[in-house]
Amino acid sequence: MIWQYEKLRTHAQKIMGWVESQQNKVKFGGIRQHANAMWNNMSSGEKLAAGIIALNTIVFAAWRVPALESVMIKYFSSSPVSGASSLSMLLSTFSHYSLLHYAANMYVLWSFSTVMGSVLGKEQMLGFYLSAGVISSFTSYCFKIIKKSARPSIGASGAIIALLGATCITFPNSKLQIAFIGDIIPHSFTADSVRI
């Protein structure tokens, strides 16, 4: 009986050793190692932007699921007639229906995340982003009430524009250019050069 136990234990140890060696191969494989290196090289602002982009991507995908449509309209679109108006003002900040709208907002968010992350810090940047999103949703509510419109709105555009505006106020002499257009028609401008 003891002999069988020892034989079984030895066999189990060999199997466990093989399993651990395979886990190490998978764990330290090329893709994971590359992803870890990329993550570790990101600034705190880029890491926060990556999290926001991931949330936006999940919500963007959820809009494509027909079974979730009623939930998405109620909680992830901003309208004064929706049943969850306060929560929807926040959640609509992560919601995009159009691929172009999603791509443009995420591109701009990523572009300014390093600068604003270093200026504000990740906690304040997140607070600024969420606050700007809620304030822009509230402003949209007010406009819809004045216009007597029940049409919902979605998107992080208000929060993104607020981050862009904060960057321009903080660094008025920074060179800005419109994405992809600069390759066709070379140009740049500064926030200081745009007078209202």
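Preceding this section is the structure that the text describes.
What comes next concerns the included structure.

## Points about the packing of aromatic side chains
Piece 1. Scanning the entire structure with this criterion turns up three aromatic pairs.
Piece 2. With 4.9 Å between their ring centres and 20 degrees between their planes, F60 and Y102 make a pair best called stacked. Linking F60 in helix α3 (residues 44-62) with Y102 in helix α6 (residues 99-120), this pair joins segments that are 42 residues apart in sequence. For the pair F60 and Y102, a shared accessibility class is recorded, and that class is buried.
Piece 3. Ring centres of F94 and Y129 lie 6.1 Å apart, and the angle between their planes is 50 degrees; this geometry places the pair in the tilted category. Pair noted here: F94 is in the loop between α5 (85-91) and α6 and Y129 is in helix α7 (residues 122-147), with a separation of 35 residues, a long-range link. Each member of the pair F94 and Y129 is classed as buried.

## Topic: α3
Piece 1. Compared with an ideal rise of 1.5 Å per residue, which puts 19 residues at 27 Å, α3 spans 27 Å between its outermost C-alpha atoms and is within 8% of the ideal.
Piece 2. Each element contacted by the buried residues of α3 is listed here: α2 (30-41), α4 (69-76), α6 and α7.

## Description of the nonpolar core
Piece 1. Among the nonpolar cores identified, the biggest contains 24 residues, and I52, V59, M72, F76, L109, Y129 and L163 are the most heavily contacted of them.
Piece 2. Of all elements in the fold, only α3, α4, α6, α7 and α8 (157-170) reach the threshold of two or more residues within this core.
Piece 3. Among the elements that line this core, the one with the most residues is α3, at seven residues.
Piece 4. Residues within four places of V59 in sequence aside, it is in contact with M72, F76, F94 and S95.

Thresholds, definitions, all that
- Residues numbered from 1 in each chain as written.
- Predicted model: local features only at pLDDT ≥ 70, side-chain atom pairs only at ≥ 80, totals over all residues.
- Heavy atoms only, no water.
- Phe/Tyr/Trp six-rings, centres within 6.5 Å; stacked < 30°, edge-to-face > 60°.
- Helix = DSSP H or I, 4+ residues; strand = E, 2+ residues; numbered from the N terminus.
- Buried < 20%, exposed > 50% of the residue type's maximum accessible area, 1.4 Å probe, protein only.
- Expected span 1.5 Å × (residues − 1).
- Contact = heavy atoms within 4.5 Å.
- Core = buried A, V, L, I, M, F, W, Y, C linked by side-chain atoms within 4.5 Å.

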